[in-house]
6 protein chains.
Amino acid sequence: MTVAICPGSFDPPTNGHVDVIQRAARHFERVVVSVSVNPAKTPMLTPEERVALLSEVLGHMDNVQVEAYEGLLVDLARERGAGVIVKGLRALSDVEREIQMAQMNAGLYEGVDTFFVTTDPRWSFVSSSGVKEVAAYGGDVSALVPDPVNRLLETRYKGGSR
Amino acid sequence: MTVAICPGSFDPPTNGHVDVIQRAARHFERVVVSVSVNPAKTPMLTPEERVALLSEVLGHMDNVQVEAYEGLLVDLARERGAGVIVKGLRALSDVEREIQMAQMNAGLYEGVDTFFVTTDPRWSFVSSSGVKEVAAYGGDVSALVPDPVNRLLETRYKGGSR
Amino acid sequence: MTVAICPGSFDPPTNGHVDVIQRAARHFERVVVSVSVNPAKTPMLTPEERVALLSEVLGHMDNVQVEAYEGLLVDLARERGAGVIVKGLRALSDVEREIQMAQMNAGLYEGVDTFFVTTDPRWSFVSSSGVKEVAAYGGDVSALVPDPVNRLLETRYKGGSR
Amino acid sequence: MTVAICPGSFDPPTNGHVDVIQRAARHFERVVVSVSVNPAKTPMLTPEERVALLSEVLGHMDNVQVEAYEGLLVDLARERGAGVIVKGLRALSDVEREIQMAQMNAGLYEGVDTFFVTTDPRWSFVSSSGVKEVAAYGGDVSALVPDPVNRLLETRYKGGSR
Amino acid sequence: MTVAICPGSFDPPTNGHVDVIQRAARHFERVVVSVSVNPAKTPMLTPEERVALLSEVLGHMDNVQVEAYEGLLVDLARERGAGVIVKGLRALSDVEREIQMAQMNAGLYEGVDTFFVTTDPRWSFVSSSGVKEVAAYGGDVSALVPDPVNRLLETRYKGGSR
Amino acid sequence: MTVAICPGSFDPPTNGHVDVIQRAARHFERVVVSVSVNPAKTPMLTPEERVALLSEVLGHMDNVQVEAYEGLLVDLARERGAGVIVKGLRALSDVEREIQMAQMNAGLYEGVDTFFVTTDPRWSFVSSSGVKEVAAYGGDVSALVPDPVNRLLETRYKGGSR
């Protein structure tokens, strides 16, 4: 049985993230969605909020589980018996950094390979930081993120009275 | 009448920025130069200083106006009746991010298209951050920025007594 | 009045090409679609076929005209009084070459600027060569090209009996 | 059971190709190595030679089969019940084209996803065309290709008497 | 006599850095390794620690000297009579920024050229920030950095009691 | 003494090529300009014509010699005692291929390193193929190539007196 990890900040989760996870879940027996906890950054959402949102959005997929993780990705892979890391392939400037991380991870844990998957072209321009920027100024991001994420962003940025 | 917006941080304006604005003003009836105000960043120059510098440098072009703006670029486009956003095309790693923003903006406001224009090769390596770094150590940037910008940088970094 | 040229091989025209031309026609008074004739290449379609297809597809736009052209693009720009060349922005590896051509053209004719416009993300992966390759093996390209192009490809590659 | 296709020209197979196929075979139940037959190109090796070389090199892997194929990759995927295409991730300029092909294939056959995997850094600079160029001038490529490929190249380019 | 400068943050030095410096020392009479001091950043190691580590690692090379420097790189080049800056060529997204800096430096000091050299493919994925991230979580980076650097990282992140 | 090789097709030589060679000649004791002879291609100029043009243009530099070469670049490096290959750094899509070649060459001959140097931004968009295309249609390339090259192109493509 091949276990795949889909790691990310998911701050917040976007339709692009969900697309990547769905593609992984189509082809691998089990998928662990790992919400990275990075004490050095100040995210918009707490790890708990991000896990809750992803669990709600992905709840219908039986072979997908969501968890927060602080530490080295390869250590999580070892613990979960995961042989594969799946990431979305988006901006070229990201690709370079992603390849470097993939090869560093392969050096740290020989049992793991990183697979990059392209998303639907509709999501190729969607990033968490872009979504946050637009939402912060009251822009409509309902076409870019899952419904629960959209509702949370509206509450946060527009106030409950709107 | 086609109105074009030239958005940017312009912290400080460079010869590359001026080149892009001139090309936009050549081909569109009206050009709005929009100095983006981002409360999350700590710029070297205040929005007012940047507007003043650009107004001085671009004053001879009748169809160009300069203003500071805080908010979504597409909202400014709607307010000003602008159908076009014009940006310079420089580093490839920027291009990717720019394309993502362009497509996100097109999704937010169907009436707007982003056009990228190449600058004179002489300015292809000039960036505001590079200019700031060089000027901060007393380097000569007079060939890279308009005169009023150069004078302000000299005053700021070298002291009035020089 | 600003005249824009949309140059290309259009062998065959795709939905991505049409998207670029429509965006140019939205913002410039007149658009000249220039089908490049390159004696050194052996295209699938004759220049006449490509002009005919584009004329049929673009016929509803009053400010667009289609013509074949052999020669330097900047010479066509001079003849037509065009100050702008509009091209689609797609693959990054293309961008580099396109920027080089844009700057070479600007050096040859100072009056002309090249603007790059992003297409709808749906067409970001569509290229004439990809369409040809798929169609040659009987693949369905009806979602990627205008109807008249699809009909011609079917006739050419699948036999007249369909 | 997830079947993966590893497509390529393999003209000739390199250590980089073998690395990609091994990684695919680690994580997917069955791997079909598909030697693409393109009548428009004149390869160095016939499809039969390439299939024979790959079969010899990969013979020890029970879940890998090698075959020649002429046609659309997505048609082969449908025929073999393959839900995944696995490709190596190498040059950035290739990546762009690969992403375009991946998204075109996803449009042609919704059931298929393309995964890109990074190879060992040692092979990141090895390409079939580079190998051919070096071997043609008598250069030593034994560190870059599997043994059977090296022997065939030596016979072909250096004469049987060496 | 040609003097070359190898500038960098070296926070910490990696095997990739050492590789670049060795290649420079092979081809130029004297090499100045310049540890950049940037008051705006908070590095992991003090400039003194970085100079000490590099001096220990590079001590066997007679034509290499290490020093800390705060200021414009071109001013250091002028002071040391250096006509060449040597940098490693790694990620493409870095390349763009590096080219911009190279051309800005060439504009500031006509006597200086920047040469980029490729490292051994084994180090192509190694970056100081990646090393820091892995080491901070107790990952093993002994294959990626010189021994003295590894010992210091172990002391710093693991504590003497482990 | 460090000998550097500047390899290329030089079909025809451009101002960008001359710029790269001049920078190499500034920093290395001897420079061998190697005109690559590739029987598989049909160049515009014979190897003899290219050597003659480069010799005329570079004649004033005492430490530069020009020669035609057919074979592996690393074999030429060995024969000439060259430890360095110097190439211009231009389009990003080229960079990738250049890095692959550099690392393949380093694998074939451990004694050789490839250094990439950026040219003056004015030449960043100039390529031999672009020059040929423009000259073939009678365009003016006198600002892009050395005088002897310009004269030869005019004779070849324009000549009323032919």
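Refer to the structure printed above.
Every value quoted in this text rests on a predicted model; they were computed, and no experiment measured them.

Basis of the calculations
Residues numbered from 1 in each chain as written. Chains lettered and ligands numbered in written order. Predicted model: local features only at pLDDT ≥ 70, side-chain atom pairs only at ≥ 80, totals over all residues. Heavy atoms only, no water. Contact = heavy atoms within 4.5 Å. Buried area = accessible area lost by both parts, 1.4 Å probe. Salt bridge = Lys/Arg side-chain N within 4 Å of Asp/Glu carboxyl O. Polar contact = N/O pair within 3.5 Å; in protein donor to acceptor, adjacent residues only side chain to side chain. Helix = DSSP H or I, 4+ residues; strand = E, 2+ residues; numbered from the N terminus. Pairing = 2+ DSSP bridges. Phe/Tyr/Trp six-rings, centres within 6.5 Å; stacked < 30°, edge-to-face > 60°. Buried < 20%, exposed > 50% of the residue type's maximum accessible area, 1.4 Å probe, protein only. Expected span 1.5 Å × (residues − 1).

(A) Main features of the interface of chain D and chain A. Across the contact, 27 residues belong to chain D and 27 residues belong to chain A. Of the roughly 2300 Å² buried where chain D meets chain A, counting both sides, 58% is carbon and sulfur surface. Seen at the junction of chain D and chain A, the total is four salt bridges. A:Arg23 is paired through a salt bridge with D:Asp113; the nearest N and O atoms lie 2.5 Å apart. The tally of links from chain D across to chain A stands at 13 residue pairs in polar contact (both at pLDDT 80 or more). Contributing elements (two or more residues each) for the side of chain D that touches chain A: helix 1 (15–27), strand 4 (82–89), helix 4 (92–108) and strand 5 (113–118) of chain D. Across three bridges, the pairing between strand 5 (residues 113–118) of chain A and strand 5 of chain D is antiparallel. Bridge pairing in strand 5 of chain D places A:Val117 opposite D:Phe115.

(B) A look at the packing of aromatic side chains. Tallied over the entire structure, the rule returns 18 aromatic pairs over all chains. When the ring of B:Phe28 is compared with that of C:Phe28, the centres are 5.2 Å apart and the planes differ by 35°; the resulting orientation is tilted. You can see B:Phe28 sitting in the loop between helix 1 (15–27) and strand 2 (30–36) and its partner C:Phe28 sitting in the loop between helix 1 (15–27) and strand 2 (30–36), one on each of two chains. The pair B:Phe28 / C:Phe28 is uniform in exposure class, with both members buried. Each member of the aromatic cluster is reached from another via a ring pair, and the members are A:Phe28, A:Phe115, D:Phe28 and D:Phe115.

(C) Examining helix 1 of chain B more closely. Residue and element names in this part refer to chain B. The terminal C-alpha atoms of helix 1, which comprises 13 residues, lie 19 Å apart, in line with the 18 Å expected from a rise of 1.5 Å per residue. Taking burial as the measure, the 13 residues of helix 1 include 10 buried ones, the bulk of the element. Sitting at the amino-terminal end of helix 1 is Thr14, which places a side-chain oxygen 3.1 Å from the backbone nitrogen of Gly16.

(D) Broad picture of the interface of chain D and chain C. At the junction of the two partners, chain D supplies 13 residues and chain C supplies 15 residues. For the pair chain D and chain C, the summed buried area comes to about 1100 Å², and 65% of that belongs to carbon and sulfur atoms. Among the residues chain D hides against chain C, the three largest losses belong to D:Leu72, D:Gln100 and D:Met104. Together they make up 49% of the total. Counting the contacts that link chain D with chain C gives zero salt bridges. Put simply, chain D and chain C have zero residue pairs in polar contact (both at pLDDT 80 or more) between them.

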